Amino acid sequence: MKADEILGKSPLDLFHPDYHAVIRERMHELFEGSPHVAMLEEKIVTLGRKAVDVECSAARFVDEEGPAILIMLRDISERKRLQEQLRRTERIAELGTLASGMAHEIGTPMNVILGRAEYLMDRVTEEPIKKGLQTIITQVERITKVMNQLLTFARRKAPERRPLDLRRVIEDSAEIFQERFARSQIHVEMALTDSCPLVLADADQMSQVVINLIMNAVHAMPEGGTLRVGLAPAQLMVELTIADTGHGMPQELSKKIFEPFFTTKEFGQGTGLGLTVVKGIIEEHQGAIAVESEEGKGTTFKVFLPLASTS
Ligand code: ADP
Ligand code: MG
């Protein structure tokens with residue numbers, strides 16, 4: 001920011017409107033005689049109209065030109081980002097503890113309900129009662145499914161990382177979906193580089209990643225489409241691509257998809273934990289995941305994992 005770009009402007013022009021009231025109050029305090037005002041977190045607006053988190057304190061002083069106010073700003077966006085990341089990690093860890101506790105508390109009575117419902121099912125002949133019981137059974141099974149997914153999430157055992165050929169993991173995981181692909185008219189294109197370098201990763205976790213991403217792609221193409229799976233070296237990483245030609249998603253949505261319990265699917269269809277787990281695993285492996293999507297066109301997930309050896 002150059003001096004002539006701000007000269008003659010009100011200090012308020014540089015601060016985010018949300019803070020104008022509090023800043024006016026602080027300026028008032030200074031003019032009323034208090035020598036300085038305490039540190040406060042605020043937002044400033046840069047000349048490029050970007051909001052930046054800053055820490056701000058101000059002091060009153062007098063020089064040869066008369067009374068003046070010195071304002072000190074420190075950019076705290078990096079600190080804010082780290083705090084947010086930590087908060088999120090803690091929330092996920094808490095969720096894990098909560099989940100295992102809940103799984104026990106809920107799992108036991110659910111089994112009793114399921115057992116009774118099945119017992120009665122075998123003993124009644126009236127159709128409406130049978131239908132009611134079937135609903136109970138289906139719903140209990142749904143709850144159990146969500147609980148189990150929470151549990152896998154909570155019980156994240158220490159990963160065993162060894163040099164791993166992702167090609168095998170991809171082929172084995174895709175195998176599970178063969179029938180589903182055929183039924184949903186999904187055409188699969190595999191572009192797996194021959195003798196792609198090995199990554200240092202836990203095999204079970206990697207198949208969890210691949211399965212979750214493929215499953216989401218399948219869900220996004222209810223009317224069929226193309227699933228493209230790619231594997232290729234990318235500098236000191238291996239790049240795994242899973243792309244679909246499904247319904248895609250708007251940009252606001254793609255920012256939220258990694259959040260726990262974020263789902264756009266009907267109850268029982270999705271738990272909103274798939275991508276949370278995927279992201280958690282990738283980050284534990286010092287990797288990265290990115291998503292690109294266009295509404296009505298499709299979605300591409302890219303996963304980057306570090307090589308087993310860089311020599
Ligand atoms: P779930 O699949 O249980 O809903 P996920 O964490 O796997 O939970 O995904 C969260 C949300 O992200 C989904 O509900 C969906 O809205 C969106 N999403 C994920 N993958 C895709 C995809 N390939 N195409 C379109 N939307 C997707
Ligand atoms: Mg999912």
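Refer to the structure printed above.
Everything in this summary refers to the structure shown in the same document. (Residues numbered from 1 in each chain as written. Chains lettered and ligands numbered in written order. Predicted model: local features only at pLDDT ≥ 70, side-chain atom pairs only at ≥ 80, totals over all residues. Heavy atoms only, no water.)

## Side note on helix H2 (residues 20–31)
Owing to its 3.6 residues per turn, the α-helix aligns residues three or four sequence positions apart on the same side. Between its first and last C-alpha, H2 extends 16 Å over 12 residues, near the 16 Å set by a 1.5 Å rise per residue. Buried within H2 we find His20, Ile23, Arg26 and Leu30. For H2, the angular spread of the buried residues around the axis is 125 degrees, confining them to a single face. Facing away from the buried surface of H2 by more than 90 degrees, the exposed residues are Ala21, Arg24, Glu25 and His28. (Helix = DSSP H or I, 4+ residues; strand = E, 2+ residues; numbered from the N terminus. Expected span 1.5 Å × (residues − 1). Buried < 20%, exposed > 50% of the residue type's maximum accessible area, 1.4 Å probe, protein only. Arc of directions from axis to C-beta.)

## A closer look at empty space enclosed by the protein
Under the defined criterion, the tally for this structure stands at one cavity of 30 Å³ or more. Those elements that provide at least two residues to the lining of the largest cavity are H2, strand E1 (36–45), strand E2 (51–63) and strand E3 (66–75). Ranked by residue count, the leading element in the lining of the largest cavity is H2, at four residues. Partitioning the lining of the largest cavity into residue classes produces 10 nonpolar, one polar and two charged. (1 Å grid on protein atoms, 1.4 Å probe; cavity = no way out; pocket = protein on both sides within 12 Å on 5 of 7 lines; lining within 4 Å. Points joined across faces, edges and corners; volume = space filled by probe spheres on them. Nonpolar A, V, L, I, M, F, W, Y, C, P; charged D, E, K, R; others polar.)

## Some words on the layout of surface pockets
There is about 940 Å³ of room inside the largest pocket. Surrounding the largest pocket, 36 residues form its lining, Asn216, His219, Thr263, Lys265 and Gly270 being those nearest its centre. Secondary-structure elements contributing two or more residues to the lining of the largest pocket are helix H4 (127–154), helix H6 (203–220), strand E8 (237–244), helix H8 (274–284) and strand E10 (298–306). When residues in the lining of the largest pocket are grouped by element, the largest group, nine residues, is from H6. A class-by-class count of the residues in the lining of the largest pocket yields 16 nonpolar, 16 polar and four charged. When residues are assigned to domains, the lining of the largest pocket turns out to be shared by domain 2 (80–155) and domain 3 (162–306), each giving three or more. (Domains from an automatic or database assignment.)

## Some thoughts on the side chain of serine 254
Within the secondary structure layout, serine 254 lies in helix H7 (residues 251–254). Within the structure, the side chain of serine 254 is placed 2.8 Å from the backbone oxygen of glutamine 251, a separation counted as a polar contact. Ignoring anything within four residues of it in the chain, the contact list for serine 254 reads Met249 and Val291. (Polar contact = N/O pair within 3.5 Å; in protein donor to acceptor, adjacent residues only side chain to side chain. Contact = heavy atoms within 4.5 Å.)

## Side note on the pairing of E8
Within E8, seven of the eight residues are buried, leaving the element largely enclosed by the surrounding structure. Linkage of strand E7 (residues 225–234) to E8, two consecutive antiparallel strands, is achieved through a turn of two residues, within which glutamine 235 is found at a positive phi near 50 degrees. Here E8 runs beside E10; their pairing, made up of eight bridges, is antiparallel. In the strand pairing of E10, valine 238 is matched with leucine 305. (Pairing = 2+ DSSP bridges.)

## Digging into the packing of aromatic side chains
Enumeration according to the criterion identifies two aromatic pairs in this entry. Between the aromatic rings of phenylalanine 177 and phenylalanine 181, the centroid separation amounts to 5.8 Å while the plane-to-plane angle is 25 degrees, which identifies the pairing as stacked. Pair noted here: phenylalanine 177 and phenylalanine 181 are both in helix H5 (residues 166–183), with a separation of four residues, about one helical turn. The pair phenylalanine 177 / phenylalanine 181 is uniform in exposure class, with both members buried. A centroid spacing of 6.5 Å and a plane angle of 90 degrees characterise the contact between phenylalanine 258 and phenylalanine 301, whose relative ring orientation is edge-to-face. Of this pair, phenylalanine 258 sits in the loop between H7 and H8 while phenylalanine 301 sits in strand E10, and the two are 43 residues apart along the sequence. For phenylalanine 258, a relative accessible area of 16% translates into the label buried. (Phe/Tyr/Trp six-rings, centres within 6.5 Å; stacked < 30°, edge-to-face > 60°.)

Treat this as a map of the structure, not an account of what it does.
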